[in-house]
Amino acid sequence: MPPCAPDGVATKRGERMVVDGGGAKRDSKLKTITPEQLALHNKPDDNWICIDQKVYDVSKWAASHPGGEHLMHNAAGTDASSVFHAFHTTHGSGQRAINILKHLPHVANMEHRPQSKLEKAFGELRDRIDTDGLYETDFNYYLMMALWLFSLLLGTIYLVVTAETNTHAVAAAFVFGMFLQQCAFVGHDTAHNGITHDRKTDMLIGIVVGPLLTGVSTAWWKRSHNAHHVVTNSVTHDPDIQHMPIIAISPEFWSKGGVWSLYHKKWFAFDWAAKALISYQHYLFYPVMAFARWNLYVQGFILLFDPSIKTEWTSLELGSLAFFWTWLSLLTSCLPTLQMQLLFLVVSHMFAGILHVQITLSHFSMPVYHGATYDAPKGEEFLRQQCATSMDVDTQWWNDWFHGGLQFQVAHHIFPRVPRHNLKRVQTMLQGLCHEHGVEYKCVGWLEGNREIYKTLHSAAMKARESPTVEFTESEMWKAMCAEG
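Just so you know, these numbers come straight off a predicted model, no measurement behind them. (Residues numbered from 1 in each chain as written. Predicted model: local features only at pLDDT ≥ 70, side-chain atom pairs only at ≥ 80, totals over all residues. Heavy atoms only, no water.)

Asks: Would you explain helix α5 (residues 117-131) in this entry?
Replies: The periodicity of an α-helix, 3.6 residues per turn, causes residues three or four places apart in sequence to face the same way. Between its terminal C-alpha atoms α5 stretches 21 Å, which fits the 21 Å expected from 15 residues at 1.5 Å a residue. Of all the positions in α5, only L118, E119, A121, F122, G123, L125, R126, I129 and D130 are classed as buried. Where α5 is buried, its residues meet α3 (81-87), α15 (381-389), α17 (409-414) and α18 (423-437). Among the residues trailing α5, G133 stands out with phi positive, at a value near 75°. (Helix = DSSP H or I, 4+ residues; strand = E, 2+ residues; numbered from the N terminus. Expected span 1.5 Å × (residues − 1). Buried < 20%, exposed > 50% of the residue type's maximum accessible area, 1.4 Å probe, protein only. Contact = heavy atoms within 4.5 Å.)

Asks: I would appreciate a short explanation of the packing of helix α11 (residues 281-304) against helix α12 (residues 314-333) in the present structure.
Replies: For any two helices packed against each other, the geometry comes down to the angle between their axes and how far apart the axes lie. Relative to each other, α11 and α12 sit at 145°, their axes nearing to 11 Å. Handedness of the crossing formed by α11 with α12: left-handed. Side by side, α11 and α12 meet where W294, Y297, F301 and L304 of the first sit next to T314, E317, L318, L321, F324 and W325 of the second. The residue inventory of the contact of α11 with α12, partitioned by class, reads eight nonpolar, one polar and one charged. (Axes fitted to C-alpha atoms, helices over the stretch in contact; angles between N-to-C directions. Left-handed = near helix turned anticlockwise from the far one by under 90°. Nonpolar A, V, L, I, M, F, W, Y, C, P; charged D, E, K, R; others polar.)

Asks: Would you mind showing me how to read the side chain of H282 here?
Replies: By the secondary structure assignment, H282 is in helix α11. Accessibility expressed as a relative area gives 5% for H282, which makes it buried. Residues within four places of H282 in sequence aside, it is in contact with Y454, L457, H458, A461, M462 and R465.

Asks: So what exactly am I meant to see when it comes to the environment of T32 here?
Replies: With respect to the helices and strands, the residue T32 is situated in strand β1 (residues 32-33). The sequence separation of T32 and M110 amounts to 78 residues, and the corresponding C-alpha distance is 5.4 Å. Once residues lying within four places of it in the same chain are set aside, the contact partners of T32 are Q37, N109, M110 and E111.

Asks: Hey, could you run me through unusual backbone geometry in this one?
Replies: Most peptide bonds are trans, and most residues other than glycine sit at a negative phi. Cis geometry marks the peptide bond from M244 to P245, where omega comes out at 15°. Structurally, the position occupied by P245 is in the loop between α9 (218-230) and β7 (258-261). Even without being glycine, Q53 reaches a positive phi, approximately 75°. Here Q53 lies in the loop between β3 (46-51) and β4 (54-57). Judged by its relative accessible area of 24%, Q53 falls in the partly exposed class. The backbone phi angle of N233 is positive, close to 65°, even though this residue is not glycine. Summarising the element assignment, N233 is placed in the loop between α9 and β7.

Asks: Help me understand the pairing of strand β8 (residues 266-269) in this model?
Replies: Bridging between β7 and β8 involves four bridges; their strand directions are antiparallel. What sits directly across from W260, in β8, is W267. (Pairing = 2+ DSSP bridges.)

Asks: Can you walk me through the packing of helix α7 (residues 166-191) against helix α13 (residues 338-352) in this structure?
Replies: Following both chains from N to C, one finds α7 and α13 inclined at 35°, their axes separated by 7 Å at the closest point. Read as a crossing pair, α7 and α13 show a hand that is right-handed. Touching N166, A169, V170, A172, A173, F174, F176, G177, M178 and L180 of α7 are Q339, M340, L343, F344, V347, S348, H349, F351 and A352, all from α13.

Asks: When you look at the nonpolar core in this model, what are you seeing that I'm missing?
Replies: The tendency in soluble globular proteins is for nonpolar side chains to be buried as a group. Of all hydrophobic cores here, the largest spans 37 residues; its most connected members are V160, F176, F179, V186, W327, L335 and F344. Counting residues per element, the ones that place at least two in this core are α6 (139-161), α7, α9, α11, α12 and α13. Considering every element that reaches this core, the biggest residue donor is α7, with nine residues. Once you skip the residues sitting within four places of it in the chain, V160 turns out to touch A172, L331, C334, L335 and F344. Residues A121, I129, V230 and M429 belong to the second largest nonpolar core, which totals 33 residues. (Core = buried A, V, L, I, M, F, W, Y, C linked by side-chain atoms within 4.5 Å.)

Asks: Explain the packing of aromatic side chains to me, please; I cannot follow it from the model alone.
Replies: In this description, a pair of aromatic rings is defined by centroid distance and the angle of the planes. All chains considered together, the criterion is met by 19 aromatic pairs. Here the aromatic rings of F174 and F351 are separated by 5.3 Å at their centres, their planes lie at 75°, and the arrangement is edge-to-face. In this pair, F174 sits in helix α7 while F351 sits in helix α13, placing the two residues 177 residues apart along the sequence. F351 sits in the buried class, given a relative accessible area of 19%. Pairing F324 with W327 gives two aromatic rings, centres 5.8 Å apart and planes at 85°, and the pair type is edge-to-face. One end of the pair is F324 and the other is W327, both in helix α12 and three residues apart, which spans about a single turn. A residue is classified by how much of its surface remains accessible, and W327, at 14% relative accessible area, is buried. Site record: aromatic cluster; members linked through ring pairs are F176, F179, W294, Y297, F324, W325, W327 and F344. (Phe/Tyr/Trp six-rings, centres within 6.5 Å; stacked < 30°, edge-to-face > 60°.)

Read these as layout, nothing more, since geometry by itself doesn't imply function.
Here you go:
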């Protein structure tokens, strides 16, 4: 079959998108299997995934998945219905995804099970968010956002070319840092097809605000961020919390001598260097965040030049990155002294580091787990996982703009295609659902969130100081590779 099936006609607003696999009824000739039997098919070369009671063999097609083959591997042997519907809505790639499913091997049906009250209520909420028009974009909002970004860019250029003192350079740096931070929010929106809901159009917008104007690879961001959304706070699968040897938010990262990252395909060892750094991570956290953006630049190039990883529009991304470093170098050279040039680059990126604090704030202090699936009642895994591993930040009307939608992290994780200006309403609806069914929906203030991160890092650091280091040849991973134990 072709990697991508042709688009079909999208369903009308409020009409539930149901995967039929090419027929209105399940094929009665196929065998019916249990969740335990499905879980046996959890390898790259034997990958079965269930969507709406139908089991598909995606082993051969996984490499063609637009979001990355790793997402298919994360979902192997599981019921991925909730994740599928979260990322494939009627306002985006939903119909295209359904058309692809019609061409995939439908190998079995899942045994019928009754829905829990929470699962049923969540399905009704998903339909209501659609019928209430919360997937619809207010393009006036993004027009104002474009004008805001343009003014920050022009302000940066003006302050740089007129700068005569170090103070002037620092002022220009703060405006440029704000530009980098605010562009990242729009790039985040486009990565989720949350503006136009057209994948190619949002991708082009993302390339403009990403590699072209701010130097961050869209391909790298989408690949990493999509994995984070599906396996949020998984010790073994979520790249957004895998920062050893510098930071480890839980002793789970070194309880077996380290952790094997299914995303990075590498072993993060709890060696002497990791122990030394993690033991003081509560002090290192903010300095690391201040310089974290430089790592994003490097990660983008590493991905784009990695021949083993398939990326889209690679040449356009590389050309855009070349353009970014060219125009930024020319702009920086307009400052009259080397000291002013360094001040501009360092201070702007330190200020933009606030973005990294905002990203980590919603997850670092939350619980972690192992594996690709969260332990919860059948049909409730996705909702409970996101509520357990994410938290919102309580903001007011006057500072909402500064957080770029990240303050509604729980709502965004559960409904990632909803435009950010509608997330407040989604948050209210979700909080009502969670309250009714006894599910914790965490929302704290900015300062309290930072205090929780400090406490989490401090607690892990104190335990790291008491933990023995382990060489790779003594680790559980090595024993498994050698078939020991």
